[in-house]
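The lines below spell out each chain.
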Amino acid sequence: MMMSRAATRAARSMVMGMAAPRYFSSTTTAAAAFAGLRCNETTAFKLLNGVGHHVSGGSSGHVPGMVAGFIRLPVRNMSTATLHDNSSEEKEKTVTDSAGENGGNDEKAVVSYWGVQPKKITKEDGTEWKWSCFMPWETYKADLSIDLGKHHVPKTLLDKLAYFTVKSLRLPTDIFFQRRYGCRAMMLETVAAVPGMVGGMLLHCKSLRRFEQSGGWIKALLEEAENERMHLMTFMEVVKPRWYERALVFSVQGVFFNAYFLAYIVSPKLAHRIVGYLEEEAIHSYTEFLKEIDNGNIANVPAPAIAIDYWRLPADSTLRDVVMVVRADEAHHRDVNHFASDIHYQGRELKEAPAPVGYH
Ligand SMILES: [Fe+2]
Ligand SMILES: [Fe+2]
């Protein structure tokens, strides 16, 4: 039976009413000072310079009040998670997080019947560890000595396909972002964090299906995904995406996740090679980012607190230091993915070569 036009309109309005604020809303609860500064890194960086590190905090996005006080929805993943909104906090008093995914250092207790409470973690200097999204033992010092200029010369047809796929993606990216490297970095990290998770998930399922070990590759790829996501968590401290950029991420994720999923099933050799070349492009992008900082087009503001803790940077580190360590990470991802592709090229399976777990 066909749905009447009125019913269709009502359904559409309900879906958009629910989904749009969650997924596309660029409305933040940030102070008015942030209004209109989204994805404008230069201005945002300058502003941050003035406000220090107080941009992280609770995820007080716009969730319908009826729901907000009752459960915390995972759809907050599109929230800008910037500054606190007192009214939302009031509604969420019954169920709150104790430390906050974004490093909120509040002392609000979680009501838990199950007795599942995180242990109190401290830093080496005895001060409280304020992050719940990563732990002190997951932090590291980036290896800045890695060779940034290494390049895999495409020889086979499959390699050339991977290379030109990545090169062809660069053109629209250059046109869209131009020299807004902060915004570009943040947006591209939303894509970069996908392959590791997809590859890790597929290897996980394969391990279950075949009753066999993965050689550590599940862990290595999931580590890569996590590392990329931390890049995003860092850059979102200094760049605020506009609503249409959020919508773009939403759409690109839908396409890229599925395309990469299929590519990995059909040819992991090709999938890893594509990521290897994507990482080479990422190194280039971050090198340009550094040039923009050095010539003064992007303010070299203090590093976000999350970056200082994650990469064990000195307390007086700046954005430049952060871009340096992120670029080093990308070089490591490049090596891991080209290596994975090479293993397949040799007619072997990934599990036959010990995975570079902890390779940062
Ligand atoms: Fe990254
Ligand atoms: Fe990367």
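See above for the structure.
Here goes a summary of the coordinates provided. None of the values given here were measured: they were computed from a predicted structure. (Residues numbered from 1 in each chain as written. Chains lettered and ligands numbered in written order. Predicted model: local features only at pLDDT ≥ 70, side-chain atom pairs only at ≥ 80, totals over all residues. Heavy atoms only, no water.)

A few words now on the coordination of the iron ion (ligand 1). Coordination of the iron ion (ligand 1) by the protein is provided by Glu189 (OE), Glu189 (OE), Glu228 (OE), His231 (ND1) and Glu330 (OE), with metal-donor distances spanning 1.9 to 2.3 Å. As a motif over one chain, the donors of the iron ion (ligand 1) read E-x38-E-x2-H-x98-E. Metal-to-metal, the separation of the iron ion (ligand 1) and the iron ion (ligand 2) is 3.8 Å; Glu228 coordinates the two. With a gap of 141 residues between them, Glu189 in helix H6 (residues 181-210) and Glu330 in helix H11 (residues 319-345) connect regions that are remote in the sequence. Under the relative-accessibility criterion, Glu189 is labelled buried at 2%. (Donors = N, O, S within 2.8 Å, 3.2 Å for Na, K, Ca; no water. Helix = DSSP H or I, 4+ residues; strand = E, 2+ residues; numbered from the N terminus. Buried < 20%, exposed > 50% of the residue type's maximum accessible area, 1.4 Å probe, protein only.)

Glancing now at the environment of Glu228. Its location among the elements puts Glu228 in helix H7 (residues 217-235). On the basis of relative accessibility, which here comes to 0%, the residue Glu228 falls in the buried class. Measuring from C-alpha to C-alpha, the distance between Glu228 and His333 comes to 9.3 Å, with 105 residues separating the pair along the chain. In this structure Glu228 touches Glu189, Ala192, Ala193, Glu279, Glu330 and His333, once residues within four positions along its chain are discounted. In this structure the side chain of Glu228 is engaged in a polar contact, spanning 2.9 Å, whose partner is the side chain of His333. (Contact = heavy atoms within 4.5 Å. Polar contact = N/O pair within 3.5 Å; in protein donor to acceptor, adjacent residues only side chain to side chain.)

With that settled, consider the packing of helix H8 (residues 243-266) against helix H9 (residues 268-294). H9 packs onto H8 with a crossing angle of 130° between their chain directions and a minimal axis gap of 5 Å. The angle between H8 and H9 falls in the class oblique. Across from Phe256, Tyr260, Ala263, Tyr264, Ile265 and Val266 in H8, the residues of H9 making contact are Pro268, Ala271, His272, Val275 and Leu278. The residue makeup of the contact of H8 with H9, split by class, is ten nonpolar, one polar and no charged. (Axes fitted to C-alpha atoms, helices over the stretch in contact; angles between N-to-C directions. Parallel < 35°, antiparallel > 145°, perpendicular 65-115°, else oblique. Nonpolar A, V, L, I, M, F, W, Y, C, P; charged D, E, K, R; others polar.)

With that out of the way, let us pick up the coordination of the iron ion (ligand 2). In the first shell of the iron ion (ligand 2), the protein supplies Glu228 (OE), Glu279 (OE), Glu279 (OE), Glu330 (OE) and His333 (ND1), at 1.8 to 2.6 Å from the metal. Donor residues for the iron ion (ligand 2), ordered by position in the chain, follow E-x50-E-x50-E-x2-H.

The next thing to look at is H8. For H8, built from 24 residues, the straight-helix expectation of 34 Å at 1.5 Å per residue is met to within 8% by its first-to-last C-alpha distance of 35 Å. Within H8, burial applies to Glu245, Arg246, Ala247, Val249, Phe256, Tyr260, Ala263 and Tyr264. (Expected span 1.5 Å × (residues − 1).)

Our focus in this paragraph is unusual backbone geometry. Here Phe211, not a glycine, exhibits a phi torsion of approximately 55°, which is positive. Mapped onto the elements of the fold, Phe211 is located in the loop between H6 and H7. Of the residues examined, Phe211 reaches a relative accessible area of 79% and is grouped as exposed. Backbone geometry at Arg312 places phi at a positive 50°, although glycine is not the residue there. Examined against the element boundaries, Arg312 turns out to sit in the loop between helix H10 (305-310) and H11. According to the relative accessible area criterion, Arg312 is partly exposed, its value standing at 41%.

What follows concerns the packing of aromatic side chains. Using the criterion set out here, one finds 18 aromatic pairs in the structure. Ring geometry for Trp131 versus Phe134: centroids 5.9 Å apart, planes at 20°, classification stacked. With relative accessibility at 3%, the residue Trp131 sits in the buried group. Taking 5.4 Å as the distance between ring centres and 80° as the angle between the ring planes, the aromatic pair formed by Tyr140 and Tyr310 counts as edge-to-face. Of this pair, Tyr140 sits in the loop between helix H4 (86-91) and helix H5 (157-177) while Tyr310 sits in helix H10, and the two are 170 residues apart along the sequence. (Phe/Tyr/Trp six-rings, centres within 6.5 Å; stacked < 30°, edge-to-face > 60°.)

Turning to the pattern of salt bridges, a few remarks are in order. Counting across every chain of the model gives 18 salt bridges. When the shortest N-O distance is used, the salt bridge between Lys123 and Asp309 registers 3.2 Å. Remark: Asp309 occurs in helix H10 and Lys123 occurs in the loop between H4 and H5; sequence separation between them is 186 residues. Among the residues examined, Lys123 registers a relative accessible area of 28% and is labelled partly exposed. What makes Asp309 buried here is its relative accessible area of 11%. (Salt bridge = Lys/Arg side-chain N within 4 Å of Asp/Glu carboxyl O.)

Of all hydrophobic cores here, the largest spans 45 residues; its most connected members are Phe134, Phe235, Phe289 and Trp311. Of all the elements in the fold, those that place two or more residues in this core are H6, H7, H9, H10 and H11. Of the residues forming this core, the biggest block, seven residues, is contributed by H11. Setting aside chain neighbours within four positions, we find Trp311 in contact with Tyr140, Lys141, Ala142, His231, Thr234, Val322, Val325, Val326 and Asp329. Ranked by size, the runner-up nonpolar core spans 20 residues in total, among them Trp217, Phe256, Val336 and Ala353. (Core = buried A, V, L, I, M, F, W, Y, C linked by side-chain atoms within 4.5 Å.)

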